[in-house]
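Topology and contacts: notes
Listed below are the residues making up each chain.
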Amino acid sequence: MKPTLLILAAGMGSRYGGLKQLDAMGPSGEVVLDYSVFDAIRAGFGKVVFVIRRDFEEQFRSQIGSKYGDRIAVDYAFQDINDLPAGFTVPEGRTKPWGTAHAVLAAESVVNEPFLMINADDFYGRDAFAKIGADLMAERPADGKSHYSMVGFYLKNTLSDHGSVARGVCTRGADGMLSSVTEMTKIFRTPTGAENRETDPPQALTGEEVVSMNFFGFTPDIFGHLRAAFTQFLQENGSDMKAECYVPKEVDVLIRDGKADVKVLESNDSWFGVTYPEDKADVVASIRALVAAGAYPENLWA
């Protein structure tokens, strides 16, 4: 069964100042997620599902979904802040989405095969897609445990020069499997590496840490796990105006509870992405360098 690419593209773009999912970065007007779809096709994926918001559905379908033609099947899922389990309501005044776990759950009805979850505004590279694509098509042990995978990137290659970033900092066991993910949401670059300023004093980081960039390979049983986790999250944090339920954090819980294991795959490619408007120039230059090197055509969909 060919795996599906699930792209989380419903973000508000508050720090970027607009819909970065639709902002042209490539030499022929490509957006960042175009390169992810292109790499997924090369890696043997059979379908792409976009998790978006209803308010820009028409624009997204015309600018993005329509360009892939018969190259890959396309479907959509819709993240709605009001889409909550029975018994829960959105607190008055909340406009912030509920996080990546909620976004993945929005796609449960349209994803029935192993899938790769990624961010729309992150560039991961061909190597990462090839490795996780092969893993998703491999047979899983039937031992009652969920078996997932991820591609990790070095923290130093995922920082912005223009502000803080949120990353899931990973540790691995002696067997190379993921042992924990610690979500850090205010990581800044420093002259000696990085530091997480959520704590006082800030937590120093070397930059060599392996981090999750939301590049997870899942089987469909993740939906049941995330439904339970999101319900518990709402019980504990439903009245918090800014709290979000993050996939890496819930994966960490599954590992600690012995319900899942996660194989960590390493990529030789560099990650880059857009968090702030000032990041755009770097992304454009990085893509042009890859095109010049022959890694991608001048026009992806010509």
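Here, every reference points to the structure presented above.
The paragraphs below set out a description of the structure included in this document.

1. Notes on helix α7 (residues 280-292)
- Relative to the 18 Å expected for 13 residues at 1.5 Å per residue, α7 spans 18 Å between its end C-alpha atoms, a close match to the ideal helical length.
- Those residues of α7 not exposed but buried are Val283, Ile287 and Val291. Here the buried residues of α7 occupy an arc of 75 degrees about the axis, which is enough to place them on one side. Facing away from the buried surface of α7 by more than 90 degrees, the exposed residues are Ala281 and Ala292.
- Lining the buried residues of α7 we find α1 (32-42), β5 (122-123) and β13 (272-273).

2. Quick notes on the pairing of strand β3 (residues 73-78)
- Across six bridges, strand β2 (residues 47-52) lies against β3 in parallel orientation. Looking at β3, one finds that Phe50 is bridged to Tyr76.
- This β-α-β element, β2 to helix α2 (residues 57-63) to β3, shows right-handed connectivity.

3. Focus: the pattern of salt bridges
- All told, the structure shown has 17 salt bridges when counted by the stated rule.
- Of the charged contacts in the structure, one is a salt bridge between Asp34 and Lys67, with a shortest N-O distance of 2.9 Å. Of this pair, Asp34 sits in helix α1 while Lys67 is found in the loop between α2 and β3, placing the two residues 33 residues apart along the sequence.
- Looking at Lys67, the relative accessible area reads 23%, which means it is partly exposed.
- Notably, a salt bridge pairs Glu208 with Lys156, separated by 2.8 Å at the nearest N-O pair. With a gap of 52 residues between them, Glu208 in the loop between β10 (203-205) and β11 (210-218) and Lys156 in the loop between β6 (146-154) and β7 (165-172) connect regions that are remote in the sequence.
- On the basis of relative accessible area, Glu208 is assigned to the partly exposed category, the value being 43%.

4. Some points on the packing of aromatic side chains
- Within this structure, the stated rule accounts for 23 aromatic pairs.
- With 6.3 Å between their ring centres and 75 degrees between their planes, Trp98 and Phe230 make a pair best called edge-to-face. Of this pair, Trp98 sits in the loop between β3 and α3 (100-105) while Phe230 sits in helix α5 (residues 222-237); the two residues are 132 residues apart in sequence, bridging distant segments of the chain. One exposure class covers both Trp98 and Phe230, and it is buried.
- A cation sits over an aromatic face here: Arg94 above Trp98, 3.8 Å from the ring centre.

5. With respect to α1
- By the criterion of burial, α1 is predominantly enclosed, with nine of the 11 residues buried.
- Of the residues flanking the end of α1, it is Gly44, one or two places downstream, whose phi is positive at about 95 degrees.

6. Comments concerning the side chain of Ser180
- One can find Ser180 in strand β8 (residues 178-190).
- Engagement of the side chain of Ser180 in a polar contact is seen with the side chain of Thr171, the distance being 2.4 Å.
- With residues near it in sequence (within four places) discarded, Ser180 still touches Val169, Cys170, Thr171 and Asp252.

7. A look at unusual backbone geometry
- Look at the link from Asp200 to Pro201: it is a cis peptide, with omega at 5 degrees.
- With respect to the helices and strands, Pro201 occurs in the loop between β9 (193-196) and β10.
- Even without being a glycine, Asn214 presents a positive backbone phi close to 55 degrees.

8. Considerations on the side chain of Thr158
- Position of Thr158 among the secondary structure elements: in the loop between β6 and β7.
- Look past the residues within four positions of Thr158 in its chain and what remains in contact with it is Phe153, Val165, Arg167, Val211, Met213 and Trp271.

9. A short note on the environment of Pro220
- Note that Pro220 resides in the loop between β11 and α5.
- Through-space distance from the C-alpha of Pro220 to that of Arg53 is 22 Å; in sequence the pair is 167 residues apart.

10. Digging into the nonpolar core
- Residues Leu5, Ile7, Leu33, Val37, Phe50 and Phe60 are the most contacted members of the largest nonpolar core, which totals 56 residues.
- Take this core: its biggest share by element is six residues, from α1.
- The residues touching Leu33, leaving out its near neighbours within four places in the chain, are Ile7, Gln21, Phe50, Phe60, Ile64, Tyr68 and Ala120.
- Within the second largest apolar cluster, 40 residues are counted, among which are Leu6, Ala103, Phe233 and Val264.

Rules behind the numbers
- Note that residues are indexed from 1 along each chain, following the sequence as it is written.
- Whole-chain, interface and lining totals are the exception, using all residues; otherwise, since this is a predicted model, local features are given only for residues with pLDDT of at least 70 and side-chain atom pairs are given and counted only at 80 or more.
- Values reported for side chains reflect all heavy atoms of the structure, with hydrogen atoms and water molecules removed beforehand.
- Helix and strand definitions here come from DSSP, where helices need a minimum of 4 consecutive H or I residues and strands a minimum of 2 consecutive E residues; each element is numbered from the N-terminal end.
- Here a helix's expected span is defined as the number of its residues, less one, multiplied by 1.5 Å.
- Here the term buried applies to any residue with accessible area under 20% of the maximum for its type, exposed to any over 50%, and partly exposed to those in between, with areas from a 1.4 Å probe on protein chains only.
- In this context, the arc is that of the directions from the helix axis out to the C-beta atoms.
- Whether two residues touch is decided by their heavy atoms; if any such pair falls within 4.5 Å, the residues are in contact.
- Being paired, for any two strands, means DSSP has found at least two bridges between them.
- Handedness is read with the strands pointing away from the viewer; a crossover is right-handed when the path from the first strand over the helix to the second is clockwise.
- The rule for a salt bridge is simple: a side-chain nitrogen of Lys or Arg has to be within 4 Å of a carboxyl oxygen of Asp or Glu.
- Only the six-membered ring of Trp is used, alongside the rings of Phe and Tyr, when aromatic pairs are assigned; centres must lie within 6.5 Å, and planes under 30 degrees apart are stacked while those over 60 apart are edge-to-face, with the rest tilted.
- Definition used: whenever NZ (Lys) or CZ (Arg) falls within 6 Å of the ring centre and also within 35 degrees of the ring normal, the charge is taken to sit over that ring.
- For this analysis, a polar contact is any N or O atom pair within 3.5 Å, provided that within protein one partner can donate a hydrogen and the other can accept it, and provided that sequence-adjacent residues contribute only side-chain to side-chain pairs.
- Side-chain atoms within 4.5 Å link the members of a nonpolar core, which is a set of buried Ala, Val, Leu, Ile, Met, Phe, Trp, Tyr and Cys residues.

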